[in-house]
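Tertiary structure, described
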Amino acid sequence: MKSFFLTFTFSISLMSSFAQELSNDFKEIESKVIEWRRYFHQNPELSNREFNTAKKIAKHLKSLGIKTQENVAKTGVVGILEGSKPGKVVALRADIDALPVIERNDLPFKSTVKSTYLGKEVGVMHACGHDTHTAILMGVAEILSKHKDQIKGTVKFIFQPAEEGAPEGEEGGAELMVKEGVLKNPNVDAIFGLHIASGFDVGTISYKSGGIMAASQTFKINVKGKQSHGSRPWASIDPIMISAKIIDGLQTIISREVDLTNEGAVITVGKIDSGVRSNIIPESAEMIGTIRTLDYGMQEQINDRMKEMVPAIAKSYRAEASIEIEKGYPITFNDIDLTKQVLPTLQKVAGTKNVHEIKAITGAEDFSFFQKEVPGFYFFLGGKTVGNTNPYPHHTPDFIIDESGMLLGVKTMTQLTFDFLNN
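Residues numbered from 1 in each chain as written. Predicted model: local features only at pLDDT ≥ 70, side-chain atom pairs only at ≥ 80, totals over all residues. Heavy atoms only, no water.

**Regarding the overall build of the chain**
Per the secondary structure count, the chain includes nine helices and 18 strands. C-alpha extents for the chain along the principal axes are approximately 100 × 45 × 45 Å. A burial count over the chain gives 49% of its 423 residues as buried. Nonlocal contacts in the chain, meaning residues at least 24 apart in sequence, comprise 82% of its contacts between residues at least 6 apart. Per element, the accessible surface of the chain, about 20200 Å² overall, is 51% carbon and sulfur. When the 47 basic and 51 acidic side-chain charges of the chain are each reduced to a single mean position, those positions are 1 Å apart. (Helix = DSSP H or I, 4+ residues; strand = E, 2+ residues; numbered from the N terminus. Buried < 20%, exposed > 50% of the residue type's maximum accessible area, 1.4 Å probe, protein only. Contact = heavy atoms within 4.5 Å. Areas by Shrake-Rupley, 256 points an atom, 1.4 Å probe, with all protein chains shown as cover. Lys, Arg positive; Asp, Glu negative; His and termini not counted. Charge placed at Lys NZ, Arg CZ, Asp CG, Glu CD.)

Written out as structure tokens, the structure reads:
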């Protein structure tokens, strides 16, 4: 009995010692994570063009002795860290691309980068927080590599390009990474990802079991009418007027046909292009937009009705119309069992009162392609200064996050890794 108590006491002592080491590591890593984030923020790169970003990531991983693969899915970087004992394989993912947005903030590390997007000169900005995701995962890699003797299994660090979508005519993002086998050799058992959120308070974690973010599809509608002088509309078949009727009709699919008590759904027309001057009724019009769904049955219903409705409305006004719907991103679906398994870890790291279950969000994430292959868990990390009642949304020129929230991301991803592999 005495031997048992001595062994038990020794084990507790080891656990306490390791916890203290981790605590010290977290304190030391925070300034590095902030420095990395500011570098990436000041030097953003668009999707599939993250060349310098990838170089900096790869250099860091190699300096830690982590086996590093470059040029994965064009500009992605993958690191593989083997623990001291065999076991499961966990993947940790960060997206690394920026957006074609001109930054309006007055930060000392503000982006002034210019690039070309769809043939136009644009500003480039990390207007969605991917700079923080990259820096956080670099910090996690440094801490885990330092304690690989405490890891039972293998960690894959996936730095993914083109989450915002590959340039027209190119493949990219998580879908291409999966296609190239990033979840194989060794085979991943589970994958974790996070997204910093400008609308959630620093120090908090938000999650949802099941579908947390919507499937995203894009659509294009072409309307063909008959051109005429603007003073003689009766001689025309007006594609602009018909487009307005189509847009109105599409909204009735959401308001009158799908059961919104099941899940939310959205149809948005984001762009309409038609005409050249005030006194010409044009011959054609083009619309593009997005469909967001949280249920695949509802997605199929909406797609079918759009394909029926668009040509029918056009025909009723003597015009022709066609519609193309792209498959887009799947639903970001948190595995039910994995969510139950990791919830105690979230509560342990952030504190139970700071972990919130939320309703689904109609934004989309290509992390969902990973989750279609292996169980995955995706959560939101608070990035809003406590007390800020008017935070700027993601994808806007004024988007900003509170850097003090990033350390919780490092702690959470680190502890998720240890707990998943070792328990």
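**Things to note about the sheet that holds strand 14 (residues 284–293)**
Sheets are built from strands paired through backbone hydrogen bonds, the pairs being either parallel or antiparallel. An order of 12-14-10-15 is seen for the four strands of this open sheet, with the pairing classed as antiparallel. Every interior strand has two partners, whereas the edge strands, strand 12 (265–273) and strand 15 (320–325), have only one. Averaged over neighbouring strand pairs, the angle between their axes works out to 20° when direction is ignored. When strand 12 meets strand 14, the two strands line up antiparallel, connected through eight bridges. Its bridge partner lying in strand 14, I272 is registered against M287. Of the strands in this sheet, strand 10 (215–224), strand 12, strand 14 and strand 15 touch helix 5 (residues 239–257), which is tilted by about 170° from strand 12. Across the sheet, helix 6 (residues 296–316) is in contact with strand 10, strand 12, strand 14 and strand 15; its angle to strand 15 comes to roughly 160°. (Pairing = 2+ DSSP bridges. Axes fitted to C-alpha atoms, helices over the stretch in contact; angles between N-to-C directions.)

**Examining the side chain of K156**
Position of K156 among the secondary structure elements: in strand 6 (residues 152–160). Separated by 2.5 Å, the side chain of K156 and the backbone oxygen of K184 make a polar contact. Beyond its immediate sequence surroundings of up to four residues, K156 is in contact with G79, I80, V90, A91, L92, V182, L183, K184, N185, P186 and V188. (Polar contact = N/O pair within 3.5 Å; in protein donor to acceptor, adjacent residues only side chain to side chain.)

**Structural notes on the nonpolar core**
In terms of nonpolar packing, the biggest core is built from 60 residues, with L92, F157, F159 and F192 touching the most fellow members. Looking at this core element by element, the count peaks at nine residues for helix 9 (residues 406–422). In contact with F157, not counting residues within four places along its chain, are I66, V77, V78, G79, L81, L92, L137, V140, A141 and L144. (Core = buried A, V, L, I, M, F, W, Y, C linked by side-chain atoms within 4.5 Å.)

**What about the sheet that holds strand 7 (residues 190–201)?**
Within the open sheet, the eight strands sit side by side as 1-2-6-3-7-18-8-17. Their pairing is mixed. Each edge of the open sheet is held by one strand with a lone partner, namely strand 1 (67–72) and strand 17 (355–357). Pairwise comparison of adjacent strand axes, ignoring direction, gives a mean angle of 25° for this sheet. The pairing of strand 1 with strand 2 (residues 76–82) spans four bridges and is antiparallel. Looking across to strand 2, one finds that V72 is bridged to G76. Across the sheet, helix 7 (residues 336–350) lies against strand 7, strand 8 (205–207), strand 17 and strand 18 (376–384), angled at about 30° from strand 18, the strand it touches most.

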